[in-house]
Amino acid sequence: MSFNDKVVLVTGASAGIGKAIAILFAESGARLAIVGRNAQNLRAVADACAKDERPLEIVADLSTDEGCERTAKETLERYGRLDVLINNAGVGARTNLLSTDMAIFDKVFSTNVRGVYNLTRLLAPSLIETKGNIVNISSVMGTAVAVGVLPYSMSKAALDHFTRLIALELAPKGVRVNTVSPGVTVSELVQRLTGISDEQYSDYLTDMAKGIPMRRVCQPEHVAKMVVFVASEDCELVTGTVIKVDGGVDLAVESSEIKKQIQK
Ligand SMILES: NC(=O)c1ccc[n+]([C@@H]2O[C@H](COP(=O)([O-])OP(=O)(O)OC[C@H]3O[C@@H](n4cnc5c(N)ncnc54)[C@H](OP(=O)(O)O)[C@@H]3O)[C@@H](O)[C@H]2O)c1
């Protein structure tokens, strides 16, 4: 799969899944714009991606209008075009209805839903020009039912439907839109939320793997490979889909085993 001369924007590229996506696109020849809030981590990812051309690093908070507007503007100013938009940046939340502080709800929705909507809206005209495509990174929690992840699951359900709705709107204009939905994936997400130590996180992953039919959690690279594939011309008629990369988790398993883990 070659992305030679294609311009790809990856949000949330300073850590975890987005970092792996950016590196794989760079290896496939893409010209990159990468976005995150942590400038130092973003710089390290740009170093890892750099070959002939260094990626454009954009330090921005995509939960704000200013962050989305500047990201779109800087990308188009640097490259003059956009072929692929990867909406990966996201935050988690561990809460339920009875303990939800609305600040948590707003943080999750402003990042996982509003920011994605806004950035996509701003860049859709450029994607129409190139007949490009969009990949949104959701979660199996967008369809699973579990106690303890309420606004996060709702935000990912909204994202899945956003994909289906705009895939329909943009298909006549030649733009594809898909979602890749990871299951449990090694990243910074859970430790950011819980503050658990590396050892506790390792135990958590071991526990979670027991509830996964393939008995393994995902590495970011497993997700990245699917993202790059679905963004490629090999998938020229694939649009409006939600593709899970999760080791075979089905809803029955999630509602029993994973629910127990989340409630621990
Ligand atoms: N890990 C999992 O098990 C899992 C499972 C299903 C779905 N996902 C989804 O995968 C995506 C990536 O998560 P991850 O697991 O790789 O988490 P992660 O390691 O915590 O990385 C999250 C990335 O998003 C960026 N980000 C967060 N809020 C942002 C904001 N307001 N503006 C700009 N960038 C922001 C972070 O940037 P900074 O670090 O620079 O702030 C970081 O680059 C998310 O959408 C998440 O919901 C993850």
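Residues numbered from 1 in each chain as written. Predicted model: local features only at pLDDT ≥ 70, side-chain atom pairs only at ≥ 80, totals over all residues. Heavy atoms only, no water.

Trainee: I'd like a description of the overall build of the chain, backed by residues and values.
Mentor: Scanning the chain from terminus to terminus reveals nine helices and seven strands. Computed over C-alpha atoms, the radius of gyration of the chain comes to 18 Å, within 12% of the 18 Å expected from 2.2 N^0.38 for 264 residues, which places it in the range of a compact globule. Dimensions of the chain along its principal axes, counting C-alpha atoms only, are 50 × 40 × 35 Å. Residue burial in the chain is summarised as follows: out of 264 residues, 50% are buried. Restricting to contacts in the chain with at least 6 residues of sequence separation, those with at least 24 account for 70%. When the accessible surface of the chain is split by element, carbon and sulfur atoms take 54% of a total near 12,500 Å². (Helix = DSSP H or I, 4+ residues; strand = E, 2+ residues; numbered from the N terminus. Rg over C-alpha atoms; globule rule 2.2 N^0.38 Å. Buried < 20%, exposed > 50% of the residue type's maximum accessible area, 1.4 Å probe, protein only. Contact = heavy atoms within 4.5 Å. Areas by Shrake-Rupley, 256 points an atom, 1.4 Å probe, with all protein chains shown as cover.)

Trainee: Quick one: what's the story with the nonpolar core, residue by residue and with numbers?
Mentor: Counting residues in hydrophobic clusters, the biggest one holds 31 residues, and the most contacted among them are Val 8, Ile 21, Phe 25, Leu 32, Ile 86 and Val 227. Elements with a contribution of two residues or more to this core: strand E1 (7–11), helix H1 (16–27), strand E2 (31–36), helix H2 (39–49), strand E4 (84–87), strand E5 (133–137) and helix H8 (220–231). If you look at the next biggest cluster of nonpolar residues, it comprises 26 residues, including Ala 33, Ala 72, Ile 134 and Val 177. (Core = buried A, V, L, I, M, F, W, Y, C linked by side-chain atoms within 4.5 Å.)

Trainee: Just give me the short version of unusual backbone geometry, but keep the residues and values in it.
Mentor: If you check the backbone angles, Asp 5 has positive phi at about 70 degrees while not being a glycine. For Asp 5, a relative accessible area of 60% gives the class exposed. Phi is positive for Lys 131, close to 50 degrees, though the residue is something other than glycine. For Lys 131, the location among the structural elements is in the loop between helix H4 (102–130) and E5.

Trainee: Would you mind going over the pattern of salt bridges in detail, with residue names and values included?
Mentor: Following the criterion strictly, the structure yields 14 salt bridges and no others. Here Glu 53 makes a salt bridge to Arg 31, at a shortest N to O gap of 2.8 Å. Placement of Glu 53 in the loop between H2 and strand E3 (56–59) and of Arg 31 in strand E2 is noted, with a sequence separation of 22 residues between them. Accessibility expressed as a relative area gives 32% for Glu 53, which makes it partly exposed. Its salt-bridge partner being Arg 78, residue Glu 53 comes within 3.9 Å of it at the nearest N-O pair. On the criterion of sequence distance, the pair formed by Glu 53 in the loop between H2 and E3 and Arg 78 in helix H3 (residues 65–79) is long-range, its members being 25 residues apart. Arg 78 sits in the partly exposed class, given a relative accessible area of 36%. (Salt bridge = Lys/Arg side-chain N within 4 Å of Asp/Glu carboxyl O.)

Trainee: Mind laying out the site of the ligand, listing which residues take part and the relevant values?
Mentor: By nearness alone, 31 residues border the ligand, and Ser 14, Arg 37, Asn 38, Tyr 152 and Ser 187 come closest of all. Between an oxygen atom of the ligand and a main-chain N or O atom of Asn 88, the distance comes to 2.8 Å. Between the ligand and Ser 187, the relevant distance is 2.6 Å, taken from an oxygen atom to a side-chain nitrogen or oxygen of the residue. The protein chains hide 97% of the 890 Å² of surface that the ligand would expose on its own. Elements that contribute at least two residues to the shell around the ligand include exactly H1, helix H5 (150–170) and helix H6 (189–194). (Near = heavy atom within 4 Å. Polar contact = N/O pair within 3.5 Å; in protein donor to acceptor, adjacent residues only side chain to side chain.)

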